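# Structural overview for review
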Amino acid sequence: MIATVKHNSRNYKIDLTKPLDISIPLKGGDKNVNAWYLDPPKISPHEEDGFVGKVSEGASTNFNDIWFNPHSHVTHTECLGHISEEFNSINKKLKQFFFLAEVITVAPEQMGEDFIISEKQIKYALGNKKRQAVIIRTMPNLGDKRSKKYSDTNPTYLTEAAAKYLVKKGVDHLLIDLPSVDKERDGGELLAHKAFWNMSGKPRAKATITEFIYVPNPVEDGTYFLNLQVAPFENDASPSRPVLYKIENP
């Protein structure tokens, strides 16, 4: 199924039968990815008054309860409601779902005891390209990103200057394969979040940050179309499924 997409007066062809899923699914138990000091997510049959929601135990249907936190347990997309005093819902703020995107790969730089993604690295990776969305894959890109326990590991993060540069480049949607764009323990400063949403000026209400993605190694750096879908939760963040489509005639 070949689709032609017109973007800024240019036509692009994509094959809708060849999606590249860069999300991490939610699984119950210890094998799930985890961050922010929470217990693992739980998926289990609902039990009430002797009823067990499991066909193999006599129920007519499988009827599971699910406990999880989107920020800790799954690929999720968040809006400025994540850090704003007033309530903002990702379901209300994200109204467009298809974007011209650039995948870049970055080897984090060491800064003291931390590893960071710097403005210089972003500049080098993007060059003169202007994209609605940027997908950052960090090195090393091992499969354990899909099940890693990040709490108390001081993961790589984005500098404030790097976030400001992305805003300057007109990037509205930032996707990254880390639990946060900010340092794990930063005293609540959240410099990259605040910079990307421009909280010191006119807040960028339509901008989103997607964390906990996983970009498989066979997916090359370059330009794609991104389909960014979220579960319709009235919450600051929601589980999401970002899917890339390779451009057939770049």
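Residues numbered from 1 in each chain as written. Predicted model: local features only at pLDDT ≥ 70, side-chain atom pairs only at ≥ 80, totals over all residues. Heavy atoms only, no water.

For the protein, an unreviewed UniProt entry supplies the name Cyclase family protein and the organism Flagellimonas aurea.

### A few points about the layout of surface pockets
Just so we agree on the cut-off: Both site types are read off a 1 Å grid over the protein atoms alone. A 1.4 Å probe that fits but cannot get out defines a cavity, while an open set with protein on both sides within 12 Å along at least five of seven lines defines a pocket; lining residues have an atom within 4 Å of a point. Grid points are joined across faces, edges and corners, and a volume is the space filled by probe spheres set on the points. Residues were grouped as follows: Ala, Val, Leu, Ile, Met, Phe, Trp, Tyr, Cys and Pro as nonpolar; Asp, Glu, Lys and Arg as charged; and all remaining residues, including Gly, as polar. The way it works is that DSSP assigns letters per residue, a run of H or I at least four long becomes a helix, a run of E at least two long becomes a strand, and they are numbered from the N terminus.
In this structure, the largest pocket occupies an estimated 310 Å³ of space. The wall of the largest pocket is formed by 16 residues, among which M139, P140, K148, T156 and L178 lie closest to the centre. Looking at the lining of the largest pocket, its residues break down into eight nonpolar, four polar and four charged. Estimates place the volume of the second largest pocket at around 170 Å³. Lining the second largest pocket we find eleven residues, and of these L20, V219, E220, Y224 and K246 sit closest to its centre. The element contributing the most residues to the lining of the second largest pocket is strand 16 (residues 222-230), with three residues. Its residues assigned to classes, the lining of the second largest pocket comprises six nonpolar, two polar and three charged.

### Regarding the packing of aromatic side chains
This is how it is decided: Aromatic pairs are defined between Phe, Tyr and Trp rings, using the six-membered ring for Trp, whenever the two ring centres lie within 6.5 Å; interplanar angles under 30 degrees are classed as stacked, those over 60 as edge-to-face, and all others as tilted. For the exposure calls, accessible area comes from a 1.4 Å probe over protein chains only, and a residue counts as buried if that area is under 20% of its type's maximum, exposed if over 50%, partly exposed in between. Criterion for a charge above a ring: Arg CZ or Lys NZ at most 6 Å from the ring centre, at most 35 degrees from the ring normal.
Going through the model one piece at a time under the given rule, you end up with six aromatic pairs. Ring centres 6.4 Å apart and planes at 40° place the aromatic pair F98 and Y245 in the tilted group. A residue pair is termed long-range when its members are at least 10 positions apart, and F98 in strand 9 (residues 98-106) and Y245 in strand 17 (residues 237-246) qualify at 147 residues. On the accessibility criterion, F98 (29% relative accessible area) is partly exposed. Given a relative accessible area of 11%, Y245 falls into the buried group. Ring centres of Y150 and F212 lie 5.6 Å apart, and the angle between their planes is 50°; this geometry places the pair in the tilted category. Of this pair, Y150 sits in the loop between strand 12 (133-138) and strand 13 (157-158) while F212 sits in the loop between strand 15 (208-211) and strand 16, and the two are 62 residues apart along the sequence. A relative accessible area of 5% means that Y150 is categorised as buried. An aromatic cluster is present here, built from Y12, F98, F225 and Y245 joined pairwise through their rings. Positioned over the ring face of W67 is K42, at 5.9 Å from the centre of the ring. In this arrangement the basic side chain of R204 is found over the ring face of F196, its NZ or CZ atom lying 4.6 Å from the centre.

### Comments concerning the nonpolar core
Note the following rule: Grouping buried Ala, Val, Leu, Ile, Met, Phe, Trp, Tyr and Cys residues that are joined through side-chain atoms within 4.5 Å yields what is termed a nonpolar core. The criterion used for residue contact is that any of the two residues' heavy atoms lie within 4.5 Å.
If you look at the biggest cluster of nonpolar residues, it comprises 24 residues, and the most contacted ones within it are I117, I122, I136, L158, L166 and F196. Within the residue set of this core, elements represented by two or more residues are strand 9, helix 3 (119-126), strand 12, helix 4 (160-168), strand 14 (173-176) and helix 5 (191-196). The residues touching I136, leaving out its near neighbours within four places in the chain, are I104, V106, I117, I122, L158, L174, L175, I176, D177 and I213. In this structure, L175, L226, L228 and V230 belong to the second largest nonpolar core, which totals 18 residues.

### Brief notes about the packing of helix 3 against helix 4
Each pair of packed helices can be described by the angle between their axes along with the distance between the axes. This is how the line gets drawn: In this analysis, axes come from line fits to C-alpha atoms, helices being fitted only over the stretch in contact, and the angle between any two N-to-C directions falls in the range 0 to 180 degrees.
The contact between helix 3 and helix 4 brings their axes to 7 Å, and the two run at 35°. Only A161, A162, Y165 and L166 of helix 4 make contact with helix 3, whose side of the interface consists of E119, I122, K123 and L126.

### Considerations on unusual backbone geometry
The omega torsion of the bond from M139 to P140 falls at -5°, within 30 degrees of zero and hence cis. With respect to the helices and strands, the residue P140 is situated in the loop between strand 12 and strand 13. Unlike most non-glycine residues, N8 shows phi in positive territory, near 50°.

### Some details on the pattern of salt bridges
Selection criterion: The term salt bridge refers to a side-chain nitrogen of Lys or Arg lying within 4 Å of a carboxyl oxygen of Asp or Glu.
Evaluation of the coordinates by the stated rule reveals twelve salt bridges. K18 is the partner of D15 in a salt bridge, and the nearest nitrogen-oxygen pair spans 3.9 Å. Looking at D15, the relative accessible area reads 11%, which means it is buried. Across the pair E234 and K92 runs a salt bridge whose closest N-O atoms are separated by 2.8 Å. Taken as a pair, E234 in the loop between strand 16 and strand 17 and K92 in helix 2 (residues 90-93) lie far apart in primary sequence, 142 residues in all. When its relative accessible area of 41% is taken as the criterion, E234 is described as partly exposed. Each of E102, K129 and R131 takes part in a single network of salt bridges with overlapping partners.

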